[in-house]
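Single-letter residue listing:
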Number of protein chains: 2
Amino acid sequence: MFGVGVGGGRGMGATPSSPTVDAQTFRRAMRQLAGGVCIISAGDQARERTGMTVTSVVSLSVEPAELVVSINQGSSSWPVISATGRFGVNLLSDEQAVEAQRFAGQGGLKGAARYEGAQWHVTPDGVWLLEDAPVALACTVEQVWTRHSHALVVGRITHVRGIALMGASHGGGPLLYWQGRYGRFAAA
Amino acid sequence: MFGVGVGGGRGMGATPSSPTVDAQTFRRAMRQLAGGVCIISAGDQARERTGMTVTSVVSLSVEPAELVVSINQGSSSWPVISATGRFGVNLLSDEQAVEAQRFAGQGGLKGAARYEGAQWHVTPDGVWLLEDAPVALACTVEQVWTRHSHALVVGRITHVRGIALMGASHGGGPLLYWQGRYGRFAAA
């Protein structure tokens, strides 16, 4: 499966290279990339709410405050974000794995049903933010770049809230995802 | 610091909103976003090697195998990646915090000096990959989107290697970064 590198004869040591990267190998490799878990909330009163669990949020620019999230264009959230031009990013604590699972569609949950069982704050511009999130950010879509299956969505922050911003004593550690499992952060 | 939301009178509960997101607030919020730690390697025999430690790598597309990394255009790595059109992504294990610190410039280390003290594999196309990384990927630059301070660089994978791909018994957990500290993954 992991053959020699292009050019032959290289990468024949303990950790061989793969010259062509098939989907299975790439998936297997990227499962090793740990990520902080976020819920993307989408929709408002006018359009059906939905949302998804991701590990693909990255800070982009501080001034102006912007982040970027990679979203599968085949997801139920994508057309809603595209239509409304807004979305929420809810960073989860290690006590919120249940919320992560709901927004990952566990048990077949879809759309607004994923929001049940938790408390939500609605920003003046209609973005739903998880009440107990360590940090939750309301965003307007500033730019979208599409590439193959995914869209890279640049969000400019319009609101920030969250218990982790209230003081050092508030909020637990982050919820993490690695190799298909949830976990928590342990200090080195 | 965290005033009422736009429209007034909203967000006055336990977790207030901020209508305008200043740099300090945004930085404080994004420190709560945990990430898997990677070393970006840049440069080759022809151009001075350098590199940087990031938590901004995200999977983008499976077919073709592509990832995206957010890079500050003011970093020493950016002009080298831009000139060579290639870079490496080295996922670190929780036993490799020393490497993360070297590539974060601890102790004033710059350029090729960051590579010392570790073993490296050079791919046929000249990308330096950390020998003992759980997963290391050589990439060619397929697309660059710039926005304010940062560049979003799309890398197509040309080689994958790493001890985590050799079997379930190889490789430790991932190195994580959260609130300015390194840590490890603890199963929930």
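For clarity, every value in this text was computed on a predicted model and none was experimentally measured.

Draft legend 1. Region of the structure containing the overall build of chain A. A count of helical and extended segments in chain A gives three helices and twelve strands. Each of the 188 residues in chain A was classed as buried or not, and the buried ones make up 56%. The long-range share in chain A, meaning contacts at least 24 apart out of those at least 6 apart in sequence, stands at 60%.

Draft legend 2. Structural detail: the environment of alanine 118 of chain B. All names here are of chain B. If you trace the backbone, alanine 118 turns up in the loop between helix H3 (97-103) and strand S7 (120-122). According to the relative accessible area criterion, alanine 118 is partly exposed, its value standing at 21%. Once the C-alpha coordinates of alanine 118 and cysteine 139 are considered, the two residues, 21 residues apart in sequence, prove to be 21 Å apart. When sequence neighbours within four positions are dropped, the list of residues in contact with alanine 118 reads Glu99 and Leu130.

Draft legend 3. Expanded view of the relation of the copies chain B and chain A. When chain B is fitted to chain A, the residual RMSD is 0.0 Å, and the transformation amounts to a turn of 180 degrees plus an axial shift of 0.0 Å. Between the two chains, the operation in question is that of a two-fold axis. Looking at the interface residues of chain B, 100% of them are also at the interface in chain A, so both copies use one shared face.

Draft legend 4. Broad picture of the sheet that holds strand S4 (residues 57-61) of chain B. Spatially, the seven strands line up as an open sheet ordered S3-S2-S6-S9-S10-S5-S4 (chain B), and their pairing is antiparallel. Either end of the sheet is taken by a strand with one partner, and the two such strands are strand S3 (50-54) and S4 of chain B. Recorded for the sheet is a direction-independent mean angle of 35 degrees between the axes of neighbouring strands. Two strands pair when backbone bridges link them, and strand S6 (residues 86-91) of chain B and strand S9 (residues 135-147) of chain B are joined in this way by six bridges, in the antiparallel orientation. Bridge assignment links phenylalanine 87 of chain B to a residue of S9 of chain B, and that residue is cysteine 139 of chain B. Against the sheet, helix H1 (residues 23-30) of chain A makes contact with S4, strand S5 (66-72), S6, S9 and strand S10 (150-161) of chain B, and its axis sits at roughly 160 degrees relative to S4 of chain B, the strand it touches most.

Draft legend 5. Broad picture of the interface of chain B and chain A. The interface of chain B with chain A comprises 82 residues on the first partner and 83 residues on the second. At the boundary of chain B with chain A, the tally comes to four salt bridges. Note that arginine 147 of chain A is salt-bridged to glutamate 142 of chain B, the shortest N-O span being 3.9 Å. Where chain B meets chain A, there are 13 residue pairs in polar contact (both at pLDDT 80 or more). Considering every element that reaches the side of chain B that touches chain A, the biggest residue donor is S10 of chain B, with eight residues. Considering only residue class, the side of chain B that touches chain A consists of 45 nonpolar, 26 polar and eleven charged. Both strand S12 (residues 181-187) of chain A and strand S12 (residues 181-187) of chain B contribute to a ladder of five bridges, which runs antiparallel.

Draft legend 6. The arrangement of the state of the cysteines in detail. Going through the model one piece at a time under the given rule, you end up with zero disulfides over all chains. In this structure cysteine 38 of chain A is a free cysteine whose sulfur lies 10 Å from that of cysteine 139 of chain A, the closest cysteine sulfur available.

Draft legend 7. Representation of empty space enclosed by the protein in the model. All names here are of chain A. As enumerated under the stated definition, the model contains five cavities of 30 Å³ or more in all. As a volume, the largest cavity reaches approximately 60 Å³. As for the largest cavity, its lining consists of Ser41, Ala42, Gly43, Asp44, Thr84, Arg86, Phe87, Gly88, Gly126, Val127 and Trp128. If you list the elements that add at least two residues to the lining of the largest cavity, you get strand S2 (38-42) and strand S6 (86-91). Of all the elements, S6 adds the most residues to the lining of the largest cavity, at three residues.

Draft legend 8. Main features of the side chain of histidine 150 of chain A. Tracing the backbone through its elements, the reader meets histidine 150 of chain A in strand S10 (residues 150-161). We classify histidine 150 of chain A as buried; its relative accessible area is 16%. Residues within four places of histidine 150 of chain A in sequence aside, it is in contact with Ser70, Ile71, Asn72, Gln73 and Trp145 of chain A together with Leu60 of chain B.

Draft legend 9. Spotlight on the pairing of strand S3 (residues 50-54) of chain A. All names here are of chain A. Of all the five residues making up S3, four are buried; the element is thus mostly covered by neighbouring parts of the structure. With five bridges joining them, S2 and S3 adopt antiparallel strand pairing. Paired with isoleucine 39 across the two strands is threonine 53, which belongs to S3.

Draft legend 10. Expanded view of the sheet that holds S3 of chain A. Spatially, S3-S2-S6-S9-S10-S5-S4 (chain A) is the arrangement adopted by the seven strands of the open sheet, whose pairing is antiparallel. Edge strands, defined here as strands with exactly one partner in the open sheet, are S3 and strand S4 (57-61) of chain A. Taking each pair of neighbouring strands and ignoring which way they run, the sheet shows an average axis angle of 35 degrees. Across the sheet, helix H1 (residues 23-30) of chain B touches S4, strand S5 (66-72), S6, strand S9 (135-147) and S10 of chain A, and the angle it forms with S4 of chain A is around 160 degrees.

Here is what the cut-offs are and how they apply
- Residues numbered from 1 in each chain as written.
- Chains lettered and ligands numbered in written order.
- Predicted model: local features only at pLDDT ≥ 70, side-chain atom pairs only at ≥ 80, totals over all residues.
- Heavy atoms only, no water.
- Helix = DSSP H or I, 4+ residues; strand = E, 2+ residues; numbered from the N terminus.
- Buried < 20%, exposed > 50% of the residue type's maximum accessible area, 1.4 Å probe, protein only.
- Contact = heavy atoms within 4.5 Å.
- Least-squares fit on C-alpha atoms with pLDDT ≥ 70 in both.
- Pairing = 2+ DSSP bridges.
- Axes fitted to C-alpha atoms, helices over the stretch in contact; angles between N-to-C directions.
- Salt bridge = Lys/Arg side-chain N within 4 Å of Asp/Glu carboxyl O.
- Polar contact = N/O pair within 3.5 Å; in protein donor to acceptor, adjacent residues only side chain to side chain.
- Nonpolar A, V, L, I, M, F, W, Y, C, P; charged D, E, K, R; others polar.
- Disulfide = S-S within 2.5 Å.
- 1 Å grid on protein atoms, 1.4 Å probe; cavity = no way out; pocket = protein on both sides within 12 Å on 5 of 7 lines; lining within 4 Å.
- Points joined across faces, edges and corners; volume = space filled by probe spheres on them.

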